[in-house]
Amino acid sequence: MSRVYIFDTTLRDGEQSPGCSMTKPEKLRMAAQLVDLGVDILEAGFPIASEGDFEAVDAVSQQFPWTQVAALARATKRDVERAAQALQRAKRPRIHTFIATSDIHLKHKLKKTRQQVMDEAVAAVSLARSYTDDVEFSAEDATRTDFDYLEAISKAVVEAGARTVNLPDTVGYSVPEEYGALIGRIAKSLGDSAIVSVHCHDDLGLAVANTLAAVAAGARQVECTINGIGERAGNAALEEVVMAIKVRNERLPFQTRIHTEKLYPASQLLSSIISFGPQPNKAIVGDNAFAHEAGIHQDGYLKEKSTYEIIDPKAVGVPESKLVLGKHSGRHALKKRTEDLGFQLTIEELDLVYERFTLLADCKKGLRNEEILILLHEVVGRAAVAN
Ligand code: KIV
Ligand code: ZN
């Protein structure tokens, strides 16, 4: 089965978004978790951007010598040299150099011609190759770049020594079919001379879908972040990409080296370091990802988990599923909870508790165990306590 390399950019693209900046010790803690998780390449920062980023890349390189550590650099001499310096202590350093290639960026941001950009890209890759064999080139805003030009620049940087060519959907503009076609075209054109990588932003909520379409079309490196953090709407969420490949392996016959049971701990650690956690309904790692509230769902789940769960929560490190007792819940779930709380009720007692429970649940967002206990004591009294 083809291998897909997981390039984690939580500490770079993720870290550069609002509310997500991390100190050096925080980056080191997160890096340890990511290495443990099994990511293949760890992008630790953008050394030219700040002294802190430089030090973080240096510290990660020193602390995790056998991990492939990447440092970002614009396609300039200063940036590439600074990245190389920060990576000096890495045993497997990767210089990741980039320049925008779309006409929109060339005209308004860089004020350069296509030829100038091509020359600068080639020069940056050649310089980076003088420091390490492992050089990645990114064509920023690839999805809004003229495809013939993108193909030409991709070939030119590979000729100059890039081993990985990343084609980011920088502004989250692409849709899966279109992105897949673009990746397929470049992958075919580069053949075995380089790995095609993808890096998707989530502006239209399509980052993971685009990433998977790209993998199906020939991309073999995926750039992603824990909890999907990153510029604006974020990057493709690592946990979603990895679990989609794992759960739907018959449709996505690829393999990663991620230890999936470590996904939730990684998500939790990140949330404790930055200023926010994933939204409750976030796939895989959100608080509600394994919570069931509707009575029909709870009943089905209690009879056979696979009726409403496609992933065993333990497979991603979530301790257990939750049955939330709220106004949509049914008798079956309430009975299960009362048993978990140590009560063995008769049918009549359960009816009584259920009646009171629905009245209460109607005006609340969900009942906690303590509230259910009060209800049980009120309705059935201590005589019903089984243990
Ligand atoms: O989104 C983007 O284009 C990037 C590149 C620097 C890889 O983050
Ligand atoms: Zn990005």
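Everything quoted here is computed from the prediction, not taken from an experiment.

1. Re the confidence of the model for the protein
Here the protein shows a mean pLDDT of 95. Residues at 70 or above account for 98%. Every residue in residues 383-387 scores below 50 in pLDDT, and together they form 10 contacts with partners more than four places removed in sequence or on other chains.

2. Things to note about the pairing of strand 6 (residues 135-140)
With respect to burial, strand 6 is a largely interior element, 6 of its 6 residues being buried. Residue alternation in strand 6 divides its side chains into two sets, V135, F137 and A139 and E136, S138 and E140, and both sets are buried. For strand 6 and strand 7 (residues 164-166), the ladder comprises 3 bridges, and the chain directions are parallel. Paired with F137 across the strands is V165, a residue of strand 7. In the classification by handedness, the crossover that spans strand 6, the intervening helix 7 (residues 147-159) and the parallel strand 7 is right-handed.

3. Quick notes on the pattern of salt bridges
Under the criterion given, the structure shown has 33 salt bridges. A salt bridge links K303 to D299; the shortest N-O distance between them is 2.8 Å. Taken together, the residues K303 and D299, both in helix 12 (residues 295-303) and 4 residues apart, mark about one turn of the helix. A relative accessible area of 60% means that K303 is categorised as exposed. K335 serves as the salt-bridge partner of E339, at 3.0 Å between the closest nitrogen and oxygen. Residue E339 and its partner K335 are both found in helix 13 (residues 331-340); the two are separated by 4 residues, about one turn of the helix. One network of salt bridges, in which partners are shared, links K364, R368, E370 and E371.

4. Considering the coordination of the zinc ion (ligand 2)
Under ideal tetrahedral coordination, the four donors around a metal are separated by 109.5 degrees; under ideal octahedral coordination, the six donors are separated by 90 or 180 degrees. With distances of 2.0 to 2.2 Å, the protein atoms coordinating the zinc ion (ligand 2) are D13 (OD), H199 (NE2) and H201 (NE2). Mapping the donors of the zinc ion (ligand 2) onto the primary sequence gives the spacing D-x185-H-x1-H. Pair noted here: D13 is in helix 1 (residues 10-14) and H199 is in strand 8 (residues 195-199), with a separation of 186 residues, a long-range link. When sorted by exposure, D13 lands in the same class as H199, which is buried.

5. A look at the environment of P93
Among the structural elements, P93 can be located in strand 5 (residues 92-100). Each C-alpha atom, one on P93 and one on I153, is 23 Å from the other, the two residues being 60 residues apart in sequence. If we skip the residues at most four places from it in the chain, P93 touches V69, L87, T132 and D134.

6. Topic: helix 7
For helix 7, which comprises 13 residues, the first-to-last C-alpha distance of 18 Å matches the rise-based estimate of 18 Å (1.5 Å per residue) to within 8%. On its buried face, helix 7 is in contact with helix 6 (114-129), strand 6, strand 7 and helix 8 (176-190). Measuring from the side-chain oxygen of the N-cap residue of helix 7 to the backbone nitrogen of D148 gives 3.2 Å; that N-cap residue is D146. Residue G161 follows helix 7 closely and has a positive phi angle near 120 degrees.

7. Focus: the site of ligand 1
Around ligand 1, a shell composed of R12, D13, H96, F98, S138, E140, N166, P168, T170, H199 and H201 is seen. Between R12 and ligand 1, the recorded distance is 3.0 Å, taken from a side-chain N or O atom to an oxygen atom. Between an oxygen atom of ligand 1 and a side-chain N or O atom of D13, the distance comes to 3.0 Å. Here ligand 1 loses 94% of its free accessible area of 260 Å² to cover by the protein chains. Elements with a contribution of two residues or more to the shell around ligand 1: helix 1, strand 5 and strand 6. Among the residues forming the shell around ligand 1, the class breakdown is 2 nonpolar, 6 polar and 3 charged.

What counts and what doesn't
- Residues numbered from 1 in each chain as written.
- Chains lettered and ligands numbered in written order.
- Predicted model: local features only at pLDDT ≥ 70, side-chain atom pairs only at ≥ 80, totals over all residues.
- Heavy atoms only, no water.
- pLDDT = per-residue confidence, 0-100.
- Contact = heavy atoms within 4.5 Å.
- Buried < 20%, exposed > 50% of the residue type's maximum accessible area, 1.4 Å probe, protein only.
- Helix = DSSP H or I, 4+ residues; strand = E, 2+ residues; numbered from the N terminus.
- Pairing = 2+ DSSP bridges.
- Right-handed = clockwise from strand over helix to strand, strands pointing away.
- Salt bridge = Lys/Arg side-chain N within 4 Å of Asp/Glu carboxyl O.
- Donors = N, O, S within 2.8 Å, 3.2 Å for Na, K, Ca; no water.
- Expected span 1.5 Å × (residues − 1).
- Polar contact = N/O pair within 3.5 Å; in protein donor to acceptor, adjacent residues only side chain to side chain.
- Near = heavy atom within 4 Å.
- Areas by Shrake-Rupley, 256 points an atom, 1.4 Å probe, with all protein chains shown as cover.
- Nonpolar A, V, L, I, M, F, W, Y, C, P; charged D, E, K, R; others polar.

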